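Coordinates in review
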Number of protein chains: 2
Amino acid sequence: MILQKKQLDLDFKTNFKPFDRILVAVDEDDSKSSLAAFQYALALAKPNLAALGIVSVLELEDLNVFETFSPEKRNQLRENLTVDLERYVKKAQENGIYDVRSFVQEGKPAATIISEIIPEFKPDVLLCGSKTKPVSNAKKIFIGSQASYLAQNAPCSVMVIRS
Amino acid sequence: MILQKKQLDLDFKTNFKPFDRILVAVDEDDSKSSLAAFQYALALAKPNLAALGIVSVLELEDLNVFETFSPEKRNQLRENLTVDLERYVKKAQENGIYDVRSFVQEGKPAATIISEIIPEFKPDVLLCGSKTKPVSNAKKIFIGSQASYLAQNAPCSVMVIRS
């Protein structure tokens, strides 16, 4: 309701409190916007010596339904992802960010990040990419359902980076 | 599909390209998180001399259904909102941001921002707040449907600021 005119108080401190704990979600299936989100996470973390968390969630539902999820296959996929995340961690450290952790988890990405990673890492901001794909009428559509779920359900600020 | 292990290319420039055109949506019904989003917009815009757009959408659906939308009432509401946005513009200018525009529009906020304001202002990032409310079990729920719609549908990066 906007009928009752209330005084708008703009007498605030203009220095936004920098983010102290930054969580970035990276997705192997969307390396372009994930990298953009990671770059932005580095840019946010560096001047403030923030703690950086890097999370990737293994979506086993992505696998062809006819494949069996053998323990060996699961382990191999998880190991691949862990190796990739170590490269992100190393890149962050090379850029002067020393408080870095990585998280590898299995499940539905956005729901897993909300229910398992955020309660553990306690970020004040979560960054993620969002895929786009071209459609026929020269526009793009945004495959942002994961990003949208995070924006609606995360208890912290959320930045959806489109590259 | 993540079975085919592809090489992860992290050999990118680590300086994230700063945002050049920043649009912040402010909502009279949610002054706390709107102000946080505005503060962050100032912090983003200032070092980069970015252009800043400030938009507020008058939700006439908020009005009690028994009220008539007389032209006088509409005009009064619109004028109140315009005056408030001028205060945001002035605050931005006082903080050294000189390329500032404000937009007042009527309609459903997120849809209107996507269909009318973004095509005109062409931001590379959109900031908005997101309401929270306490619920009985000592948790909060997030009234983020507008933010979620923006995160999913905006053609640019989206930052949802929770204060």
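Preceding block: the structure.
Below you will find a few notes about this structure. Computed from a predicted structure; not experimentally measured.

A word on the overall build of chain A
Summing up its helical and strand segments, chain A has 4 helices and 7 strands in all. Listing the helices and strands of chain A from first to last along the sequence gives β-α-β-α-β-α-β-β-β-α-β. Counting all 163 residues of chain A, 50% fall into the buried class. Of the contacts made within chain A by residues no fewer than 6 positions apart, 72% connect residues no fewer than 24 positions apart. Surface accessibility of chain A: about 8,300 Å² in total, with carbon and sulfur atoms responsible for 52%.

Quick look at the packing of aromatic side chains
Throughout the structure, instances matching the rule amount to 6 aromatic pairs over all chains. Their ring planes at 65 degrees and their centres at 5.5 Å tell us that Y40(A) and F19(B) sit as a pair that is edge-to-face. Here Y40(A), found in helix α1 (residues 31–45), pairs with F19(B), found in the segment before β1 (21–25), and the two come from separate chains. Ring plane angle 75 degrees and centroid distance 5.8 Å describe the contact between F103(B) and F121(B), whose orientation is recorded as edge-to-face. Linking F103(B) in strand β3 (residues 100–106) with F121(B) in helix α3 (residues 109–121), this pair joins segments that are 18 residues apart in sequence. Given the relative accessible area of 6%, F103(B) is considered buried.

What to know about helix α3 (residues 109–121) of chain A
Residue and element names in this part refer to chain A. Along its 13 residues, α3 runs just 16 Å from first to last C-alpha, ending more than 12% under the 18 Å computed at 1.5 Å per residue. At S115, α3 is deflected by roughly 30 degrees, the largest bend along its length, and proline P119 occurs up to four residues later in sequence. Residues of α3 that are buried include every one of P109, A110, T112, I113, I114, I117, I118 and F121, and no others. Where α3 terminates, the next one or two residues include K122, which has phi positive at roughly 55 degrees.

Points about unusual backbone geometry
All names here are of chain B. For L49, which is not a glycine, the phi torsion comes out positive at approximately 50 degrees. Among the secondary structure elements, L49 is positioned in the loop between α1 (31–45) and β2 (51–58). L49 gets classed as exposed once you look at its relative accessible area, which sits at 69%. In the Ramachandran plot, K122 falls in the positive-phi region, its phi being about 55 degrees despite a non-glycine side chain. Counting through the fold element by element, K122 comes out in the loop between α3 and β4 (125–129). By relative accessible area, K122 is classed as exposed at 57%.

A look at the environment of F69(A)
Note on placement: F69(A) falls in the loop between β2 (51–58) and α2 (71–94). On a C-alpha basis, the gap between F69(A) and K122(A) in space is 32 Å, while along the polypeptide they are 53 residues apart.

Quick look at the sheet that holds β2(A)
Strand order across the open sheet formed by 10 strands is β3(A)-β2(A)-β1(A)-β4(A)-β7(A)-β7(B)-β4(B)-β1(B)-β2(B)-β3(B), with mixed pairing between neighbours. Bordering the open sheet on either side are β3 (100–106) of chain A together with β3 of chain B, each of which pairs with just one other strand. Looking at each pair of strands side by side, their axes are set apart by 20 degrees on average, direction ignored. As paired elements, β2(B) and β3(B) share 7 bridges and run parallel to each other.

Digging into the packing of helix α4 (residues 145–153) of chain A against helix α4 (residues 145–153) of chain B
The packing of two helices is summarised by the inter-axis angle and the distance between the axes. Contact geometry for α4(A) and α4(B): axes closest at 8 Å, N-to-C directions at 155 degrees. When the interaxial angle is binned, α4(A) and α4(B) end up roughly antiparallel. Relative to α4(B), the crossing made by α4(A) is right-handed. Taken together, the residues of α4(B) that come into contact with α4(A) (itself represented by S145(A), S148(A), A151(A) and Q152(A)) are S145(B), S148(B), A151(B) and Q152(B). A breakdown of the residues in the contact of α4(A) with α4(B) according to their chemical character gives 2 nonpolar, 6 polar and no charged.

Conventions and cut-offs
- Residues numbered from 1 in each chain as written.
- Chains lettered and ligands numbered in written order.
- Predicted model: local features only at pLDDT ≥ 70, side-chain atom pairs only at ≥ 80, totals over all residues.
- Heavy atoms only, no water.
- Helix = DSSP H or I, 4+ residues; strand = E, 2+ residues; numbered from the N terminus.
- Buried < 20%, exposed > 50% of the residue type's maximum accessible area, 1.4 Å probe, protein only.
- Contact = heavy atoms within 4.5 Å.
- Areas by Shrake-Rupley, 256 points an atom, 1.4 Å probe, with all protein chains shown as cover.
- Phe/Tyr/Trp six-rings, centres within 6.5 Å; stacked < 30°, edge-to-face > 60°.
- Expected span 1.5 Å × (residues − 1).
- Bend = angle between axes of the 7 residues up to and from the residue.
- Pairing = 2+ DSSP bridges.
- Axes fitted to C-alpha atoms, helices over the stretch in contact; angles between N-to-C directions.
- Parallel < 35°, antiparallel > 145°, perpendicular 65-115°, else oblique.
- Left-handed = near helix turned anticlockwise from the far one by under 90°.
- Nonpolar A, V, L, I, M, F, W, Y, C, P; charged D, E, K, R; others polar.

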